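Geometric and topological summary
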Amino acid sequence: MAVDLPKRAYSGAIREIVVGKGDKSFCVGGETAYPFYTFEGKIPNPPKFGLDILDIEPEGWAGALLEVYGDSVKNPVTWAKKCVELGADMVQLTLQGTDPNDKNLGADHAVLVAKQVSEAIDVPLAIWGTANAEKDVEVLRPIAEELSDRRLLIGPVIEENHKQLGAACLAYKHVAIASSPIDINLAKQLNVLLSNLGVTDENILIDPTVGGLGYGLEYTYSVMERARMAALTQQDDKLQFPIYCNLGIEVWKTKEAKLPDSEMNLGEHKQRGVLMEAITTSSLLASGADILIVRHPDTMKLGKQLVAEMLAG
Amino acid sequence: MFRIIAENINVMYKTIGTAMKERNKEPIQEMAEKLVANGADLLDINLGPARKGGEELMAWVVETVHAVCSKPLYLDTSNVAAIEAGLKVHKESAGKAVINSISARPERMDKLWPLAAKYNAGAVALVLGVDGIPRDAAERAANAAMLMAAAADAGVSPEDVWIDPIVIPVNSQQQQVGYCTEFIGMLPEMAPGYSSTCGLSNVSNGSPEKLRPLLNQCYLMMLKHVGLTSAILDGLDREILGIARGERADLEKLIGDTMDGNPPDMSSLNEEQVSFVKTTNMIMGKTLYSDSWLDL
């Protein structure tokens with residue numbers, strides 16, 4: 001006898017957001033069902049993967065990462081090209097060098113690197129600050145202006161600087177990555193504030209703030225899960241945005257991902273970090289991630305394979 | 001009849017705290033008289049932890065207050081000896097004193113319910129359990145059942161057991177507020193004849209200051225609708241006192257209808273009514289909390 005499986009009735013949909021410009025631009029979002037629930041609704045745009053590069057040569061990075069990128073890490077332009085060669089859907093340029101608690105490089109440096117990277121690649125580009133409210137305004141605003149034709153993703157836009165960065169996205173037609181500290185209510189509130197400012201619905205992504213595996217992943221998971229429930233079943237239009245997960249930085253800063261075999265007896269270091277990043281990736285995919293920024297290309301391969309298989313049904 | 005417990009005689013408030021420290025009766029008595037004039041049925045005497053000299057202080061405050069009014073007092077401190085000192089001097093003619101509070105933890109229950117019985121007093125039965133704040137309505141009910149059983153064993157009668165559901169801030173734990181409401185709704189069947197009470201203003205803790213009164217007022221009416229029999233309130237806030245006394249039947253009906261699945265036609269409502277319906281829906285969890293819930 002045929003069994004009729006119960007189906008959930010969804011009342012909302014995630015908005016479709018265009019990322020980047022030109023041939024390599026893509027759409028994310030558009031879901032009308034929970035992640036990979038293709039039997040209940042549509043998942044028109046598969047989740048996309050970006051690789052994360054820095055504006056300066058990385059210090060203290062895991063051997064597994066340095067090995068795969070080789071000398072390219074000495075120059076953000078070659079590094080970005082390498083990422084595209086490796087199959088990244090997009091690149092995130094993290095402005096590590098502008099961190100006031102580190103090298104504290106200025107806007108001139110940031111604009112120059114962003115411009116060079118942007119000119120060197122045709123895939124979409126995200127520019128990520130250091131989550132220092134004031135410094136990010138100082139460096140991200142001129143980048144937004146300089147690259148006004150690129151439809152960049154700009155983040156993290158946080159409550160403290162949402163007016164300045166939101167206005168910059170609005171004025172120069174970029175997408176704002178609205179970032180809140182693993183809190184569903186604050187995520188919603190920031191989107192309300194951005195809307196009030198005039199940032200339109202097709203220009204917002206949600207960054208729930210990611211905790212890596214063993215470092216708060218389950219909290220991020222719950223927040224994303226609840227955001228999707230509110231968006232899809234409660235018609236909460238302030239949460240009907242695609243979700244951007246900047247996870248590579250979180251995974252690879254942990255000692256479990258970084259330490260060489262001689263200092264950590266938890267399996268071979270080359271695999272250890274990738275597997276931690278891959279588990280984080282698959283968990284975030286299962287809870288609604290639309291864009292995932294990782295650091296190791298093997299994680300990206302595993303993630304893409306998982307997405308393809310899940311959507312093949 | 002819904003009873004009002006005024007929260008204002010509290011060591012944390014500057015004038016009162018100083019008066020307690022200096023054993024200056026006047027500000028405390030003035031406050032007590034004002035609260036009674038405003039319609040308080042009981043007065044909460046909150047000494048905080050009162051580790052040092054708590055006994056002497058509690059006895060002094062109880063006598064000070066009872067010199068100007070004849071209302072029963074909530075004796076609110078974690079210092080058990082101070083509570084007993086208060087019970088000893090609490091005027092019989094004022095009615096029954098209430099221990100605030102007894103949680104569902106064996107060491108608290110074993111000590112405090114017999115104390116309530118010994119002095120013919122009541123107590124707030126706080127559903128806080130061994131594992132901390134209960135995770136849902138069922139856990140609240142389980143803890144309440146334990147407290148009720150322990151109270152009965154000690155010989156405290158049901159109406160003297162004031163069940164407190166633990167109100168949680170809606171801005172950070174919206175679901176928990178739903179469980180709290182659900183639990184209060186279970187009490188008429190689960191605990192008929194028992195009293196209930198709550199620290200209402202915690203629901204708005206952390207929300208924008210200007211919206212706190214709306215949240216407090218709305219949640220009070222919601223809890224009244226499901227059967228709450230008393231609340232600890234700001235005894236100087238005329239609006240919330242009016243609501244406690246049932247002076248806003250119009251809003252109570254609107255909120256009750258919204259909760260019972262008969263939502264009003266929003267276009268027929270005035271601005272105040274819309275705010276209360278929106279807030280009710282938000283507290284019920286129909287819409288996710290954000291500080292801007294009224295603007296959406």
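Before any of the text, the structure's been laid out above.
Residues numbered from 1 in each chain as written. Chains lettered and ligands numbered in written order. Predicted model: local features only at pLDDT ≥ 70, side-chain atom pairs only at ≥ 80, totals over all residues. Heavy atoms only, no water.

1. Observations concerning the overall build of chain B
Tallying secondary structure elements over chain B gives eleven helices and eight strands in all. In terms of overall dimensions, chain B is globule-like: its C-alpha atoms have a radius of gyration of 19 Å, near the 19 Å expected for 296 residues. Across its three principal axes, chain B shows a C-alpha extent of roughly 60 × 40 × 30 Å. Across the 296 residues in chain B, those meeting the buried criterion constitute 55%. Long-range pairs, those at least 24 residues apart, make up 69% of the contacts in chain B between residues at least 6 apart in sequence. Within the structure as shown, chain B displays about 12600 Å² of accessible surface, and the carbon and sulfur contribution to it stands at 50%. Averaging the coordinates of the 27 positive side-chain charges in chain B and doing the same for the 38 negative ones gives two points 5 Å apart. (Helix = DSSP H or I, 4+ residues; strand = E, 2+ residues; numbered from the N terminus. Rg over C-alpha atoms; globule rule 2.2 N^0.38 Å. Buried < 20%, exposed > 50% of the residue type's maximum accessible area, 1.4 Å probe, protein only. Contact = heavy atoms within 4.5 Å. Areas by Shrake-Rupley, 256 points an atom, 1.4 Å probe, with all protein chains shown as cover. Lys, Arg positive; Asp, Glu negative; His and termini not counted. Charge placed at Lys NZ, Arg CZ, Asp CG, Glu CD.)

2. Some words on the interface of chain A and chain B
On the side of chain B, 13 residues touch chain A, which itself brings eleven residues to the contact. Summing the contributions of chain A and of chain B, the shared interface buries around 990 Å²; its carbon and sulfur component is 48%. There are zero salt bridges connecting chain A and chain B. Across the chain A-chain B interface, the total number found is seven residue pairs in polar contact (both at pLDDT 80 or more). Elements with a contribution of two residues or more to the side of chain A that touches chain B: α6 (184-197) and α7 (217-233) of chain A. No other element matches α6(A), which puts five residues into the side of chain A that touches chain B. Residue composition of the side of chain A that touches chain B, by class: four nonpolar, three polar and four charged. (Buried area = accessible area lost by both parts, 1.4 Å probe. Salt bridge = Lys/Arg side-chain N within 4 Å of Asp/Glu carboxyl O. Polar contact = N/O pair within 3.5 Å; in protein donor to acceptor, adjacent residues only side chain to side chain. Nonpolar A, V, L, I, M, F, W, Y, C, P; charged D, E, K, R; others polar.)

3. Observations regarding the pattern of salt bridges
All names here are of chain A. Under the criterion given, the structure shown has 27 salt bridges over all chains. For the salt bridge of Asp52 with Arg295, the shortest nitrogen-to-oxygen distance reads 2.9 Å. Of the two residues, Asp52 is situated in strand β3 (residues 48-54) and Arg295 in the loop between β10 (289-294) and α11 (297-312); the sequence distance between them amounts to 243 residues. Given the relative accessible area of 0%, Asp52 is considered buried.

4. Looking at the sheet that holds strand β6 (residues 161-164) of chain B
Residues and elements named next belong to chain B. If you walk across this open sheet you meet the eight strands as β7-β6-β5-β4-β3-β2-β1-β8, and the pairing is parallel. The two strands at the open ends of the sheet, each matched to only one other strand, are β7 (195-196) and β8 (230-233). In terms of strand pairing, strand β3 (residues 73-77) meets strand β4 (residues 98-103) through three bridges, oriented parallel. Bridge pairing links Leu75 to Ile99 in β4. Across the sheet, helix α3 (residues 54-66) lies against β1 (3-10), β2 (42-48) and β3, angled at about 155° from β2, the strand it touches most. (Pairing = 2+ DSSP bridges. Axes fitted to C-alpha atoms, helices over the stretch in contact; angles between N-to-C directions.)

5. Thoughts on the pairing of strand β6 (residues 153-157) of chain A
Residue and element names in this part refer to chain A. In terms of residue burial, β6 counts as a mostly covered element, since five of its five residues are buried. Pairing analysis gives three bridges linking strand β5 (residues 125-128) to β6, with the strands arranged parallel. Among the inter-strand pairings, Trp128 is bridged to a residue of β6, identified as Gly155. For the crossover that starts at β5, traverses helix α4 (residues 133-146) and ends in the parallel β6, the hand is right-handed. Of the crossover connections in this fold, the one passing from β6 over helix α5 (residues 162-172) to the parallel strand β7 (residues 175-179) is right-handed. (Right-handed = clockwise from strand over helix to strand, strands pointing away.)

6. A look at unusual backbone geometry
Note: most residues except glycine have negative phi, and most peptide bonds are trans. Across the junction of Gly155(A) and Pro156(A), the peptide omega takes the value -5°, indicating a cis bond. Within the fold, Pro156(A) resides in strand β6. Here the amide bond leading from Asn100(B) into Ser101(B) is cis, since omega sits at 15°, within 30 degrees of zero. Within the secondary structure layout, Ser101(B) lies in strand β4. A positive phi is found at Gln235(A), a non-glycine position, where the angle reads about 50°. Here Gln235(A) is to be found in the loop between α7 and β9 (243-246). Backbone geometry at Ala50(B) places phi at a positive 45°, although glycine is not the residue there.

7. Observations concerning the packing of helix α10 (residues 249-259) of chain B against helix α11 (residues 271-284) of chain B
Residues and elements named next belong to chain B. As a packed pair, α10 and α11 sit with axes 10 Å apart at the nearest point and diverge in direction by 40°. Regarding α10 and α11, the two cross each other, and that crossing is right-handed. Between α10 and α11, the contacting residues are Leu251, Leu254, Ile255, Thr258 and Met259 on the first element and Glu272, Gln273, Phe276, Val277, Thr280, Asn281 and Met284 on the second. Of the residues contributing to the contact of α10 with α11, the split by class is seven nonpolar, four polar and one charged. (Left-handed = near helix turned anticlockwise from the far one by under 90°.)

8. Quick look at the packing of α4(A) against α5(A)
All names here are of chain A. Contact pair α4 / α5: the axes reach a minimum separation of 9 Å and the direction vectors enclose 5°. Our classification of the angle between α4 and α5 gives roughly parallel. Contacts from Asp136, Val137, Leu140, Arg141, Ala144 and Glu145 in α4 reach Gln164, Leu165, Ala168 and Tyr172 in α5. Among the residues making up the contact of α4 with α5, the classes are represented as six nonpolar, one polar and three charged. (Parallel < 35°, antiparallel > 145°, perpendicular 65-115°, else oblique.)

9. As for α11(B)
Residues and elements named next belong to chain B. Between the first and last C-alpha of α11 there are 20 Å, a value that for 14 residues agrees with the 20 Å anticipated at 1.5 Å per step. Most of α11 sits out of view: ten of its 14 residues are buried. Every buried residue of α11 is accounted for by Gln273, Val274, Ser275, Phe276, Val277, Thr279, Thr280, Asn281, Met282 and Ile283. Of the surrounding secondary structure, the elements contacted by the buried residues of α11 are α7 (174-190), α8 (212-226) and α10. For α11, the capping residue at the N-terminal end is Asn270, with a side-chain oxygen 3.1 Å from the backbone nitrogen of Glu272. (Expected span 1.5 Å × (residues − 1).)

10. So, the environment of Pro46(A)
Residues and elements named next belong to chain A. With respect to the secondary-structure elements, Pro46 resides in the loop between β2 (26-29) and β3. Sequence-wise, Pro46 and Asp23 are 23 residues apart; in three dimensions their C-alpha atoms are separated by 17 Å. Pro46 has contacts with Val307 and Leu311, leaving out every residue within four places of it along the chain.

11. A word on the pairing of β6(B)
Consecutive residues of a regular strand have side chains that alternate between opposite faces of the sheet. All names here are of chain B. In β6, alternate side chains face the same way, and those of Val161 and Ile163 on one face and Trp162 and Asp164 on the other are all buried. As judged from the four bridges shared by strand β5 (residues 122-126) and β6, these two strands associate in the parallel manner. Along β6, the bridge assignment pairs Leu126 with Asp164. Running through helix α6 (residues 137-154), the crossover from β5 to the neighbouring parallel element β6 is right-handed. In terms of strand pairing, β6 meets β7 through two bridges, oriented parallel. Paired with Trp162 across the strands is Ser195, a residue of β7.

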